[in-house]
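# Summary of structural features
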Amino acid sequence: MVTVEQQRVPRKRTYLMCAPRHFAVEYAINPWMDVTAPVDPELAVKQWDRLRETLLGLGHEVQLLAPEPGLPDMVYAANGAFTVDGTVYGARFKHHQRTAEAAAHRAFYESQGWRFIAPNETNEGEGDFAYLPEAHGGLILAGYGFRTELPAHAEAQEALGRPVVSLRLVDPRFYHLDVALASIDDANIVYYPGAFSAASQKVLAQLFPDAVLADADDALAFGLNLVSDGANVMLNSEATRLASRLETAGYTPVPVELTELKKGGGSVKCCIAELRH
Ligand code: ARG
């Protein structure tokens, strides 16, 4: 059999990030957070900066949200909203410690003239929503079970006018969709099946027969919390096996060290929201 090398093509993106100036692990709202484990705040900023520079170096645009004191998780900018084709579906955080982040994101989008739809339902933005513009005509994948609540999926569908496929997360270590699944280009995904209910695994297998599958080690190393521009895949440097799987599939892994931000329960993707104009 002849293997044809897949030519992966990057697409220029606009991202939103928020510097970890006030980052700390002061409370525990996911199983990764340990308030007794020390965090190196300077290293956190350095690692975050390197991630931002990596994106810029690949030709992407990075916009910045001003970090606010008293909001140590604000660095996880992915959770503040979800944008599709110029419309923003706002976030409504589950935990009171993060509630105020939603208003900061809203102010950012409104200052730029985006069409903003305020949510009534609990949802954590791109933490639990992923968009695949070329899959089935434009498909939203949505997680529930820990943070985002199921009624928010219907609300997002009404706000954004794209079909939303609900996927049930069953393992508390994978409390957001974006630690268990990621888009690797406009039409395909990579995911760890074990994070999903048996029925949701069936749904994913039906919709994405060519998906790249990750194993538990890849997933627990935060490998799936990645950002891809369609060709270059920024992922946690500890997920070495996943990096080689992606390479085999024709993508270029770009390992990023984020040891400090991992202590808050997040990695690459958590730090980056995509602005889809
Ligand atoms: N400490 C944050 C929380 O528990 C981490 C959020 C990570 N973000 C993400 N998109 N998964 O809410």
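For the structure itself, consult the block above.
Right, let's walk through the structure included here. On a predicted model such as this, the values are computed, not experimentally measured, just so you know.

## Some points on the overall build of the protein
When helices and strands are counted, the protein shows seven helices and 15 strands. A globule of 277 residues ought to have a C-alpha radius of gyration of about 19 Å, and the protein, at 17 Å, matches this closely. Along the longest, intermediate and shortest principal axes, the C-alpha atoms of the protein span 60 × 40 × 35 Å. Of all intrachain contacts in the protein linking residues separated by at least 6 positions in sequence, the fraction that spans at least 24 positions is 71%. About 11500 Å² of surface is accessible on the protein, with carbon and sulfur atoms providing 51% of the total. Counting 24 positive and 35 negative side-chain charges, the protein places the averaged centre of each group 2 Å from the other.

## Let's talk about the sheet that holds strand β3 (residues 81–84)
In space, the three strands of this open sheet follow the order β3-β4-β5, with mixed pairing throughout. Of all the strands in the sheet, just β3 and β5 (115–117) have a single pairing partner and so form its edges. In this sheet, adjacent strand axes meet at a mean angle of 25° when their direction is disregarded. Where strand β4 (residues 87–90) lies against β5, three bridges are found, and the strand directions are parallel. If you follow Y89 over to β5, its bridge partner there is I117. This element, helix α2 (residues 101–111), spans β3, β4 and β5 of the sheet and lies at about 155° to β5.

## Quick word on α2
An α-helical turn contains 3.6 residues, so any two residues separated by three or four positions project in the same direction. Within α2 the residues assigned to the buried category are E101, A102, A104, H105, F108 and Y109. Looking straight down α2, one finds that the buried residues subtend no more than 165° of arc, so they occupy a single side. Buried residues in α2 make contact with β1 (14–18), β2 (61–65), β3, β4 and β5. Where α2 terminates, the next one or two residues include G113, which has phi positive at roughly 80°.

## Quick notes on the state of the cysteines
All told, the structure shown has zero disulfides when counted by the stated rule. Sulfur of C18: no disulfide; nearest cysteine sulfur belongs to C271 and is 9.5 Å away. A residue is classified by how much of its surface remains accessible, and C18, at 0% relative accessible area, is buried. The thiol of C271 is not disulfide-bonded; the next cysteine sulfur, from C270, is found 6.5 Å away. On the basis of relative accessible area, C271 is assigned to the buried category, the value being 0%.

## Focus on the sheet that holds strand β9 (residues 181–183)
In space, the three strands of this open sheet follow the order β9-β10-β11, with mixed pairing throughout. Each having just a single partner strand, β9 and β11 (212–213) make up the two edges of the open sheet. Where strand β10 (residues 189–191) meets β11, two bridges bridge the pair, whose relative direction is parallel. Within the sheet, the bridge partner assigned to V190 lies in β11 and is V212.

## Describing helix α6 (residues 240–248)
Inspection of α6 places L242, A243 and L246 among the buried residues, and these make up the whole buried set. All buried residues of α6 project into a common sector of 105° when viewed along the axis, lining one side. Exposed positions of α6 whose direction lies more than 90 degrees from the buried face are T240, E247 and T248. Among the structural elements, β10, β11, α5 (216–220), β13 (232–236) and β14 (252–256) are those in contact with the buried residues of α6. At the exit of α6 stands G250, carrying a positive phi of roughly 100°.

## A word on the site of the ligand
Within the structure, the ligand sits among 15 residues, and R98, H176, D178, G264 and C270 are positioned closest to it. Here N30 contributes a side-chain N or O atom positioned 2.8 Å from an oxygen atom of the ligand. A distance of 2.7 Å separates a nitrogen atom of the ligand from a polar side-chain atom of H176. When isolated, the ligand has an accessible area of 350 Å², and the protein chains bury 100% of it. Among the residues making up the shell around the ligand, the classes are represented as five nonpolar, six polar and four charged.

## Observations concerning the side chain of D73
Looking at the secondary structure, you find D73 in the loop between β2 and β3. Discounting residues that sit within four places of it in the chain, D73 has contacts with Y27, I29, M33, R98 and E101.

Cut-offs and rules
Residues numbered from 1 in each chain as written. Predicted model: local features only at pLDDT ≥ 70, side-chain atom pairs only at ≥ 80, totals over all residues. Heavy atoms only, no water. Helix = DSSP H or I, 4+ residues; strand = E, 2+ residues; numbered from the N terminus. Rg over C-alpha atoms; globule rule 2.2 N^0.38 Å. Contact = heavy atoms within 4.5 Å. Areas by Shrake-Rupley, 256 points an atom, 1.4 Å probe, with all protein chains shown as cover. Lys, Arg positive; Asp, Glu negative; His and termini not counted. Charge placed at Lys NZ, Arg CZ, Asp CG, Glu CD. Pairing = 2+ DSSP bridges. Axes fitted to C-alpha atoms, helices over the stretch in contact; angles between N-to-C directions. Buried < 20%, exposed > 50% of the residue type's maximum accessible area, 1.4 Å probe, protein only. Arc of directions from axis to C-beta. Disulfide = S-S within 2.5 Å. Near = heavy atom within 4 Å. Polar contact = N/O pair within 3.5 Å; in protein donor to acceptor, adjacent residues only side chain to side chain. Nonpolar A, V, L, I, M, F, W, Y, C, P; charged D, E, K, R; others polar.

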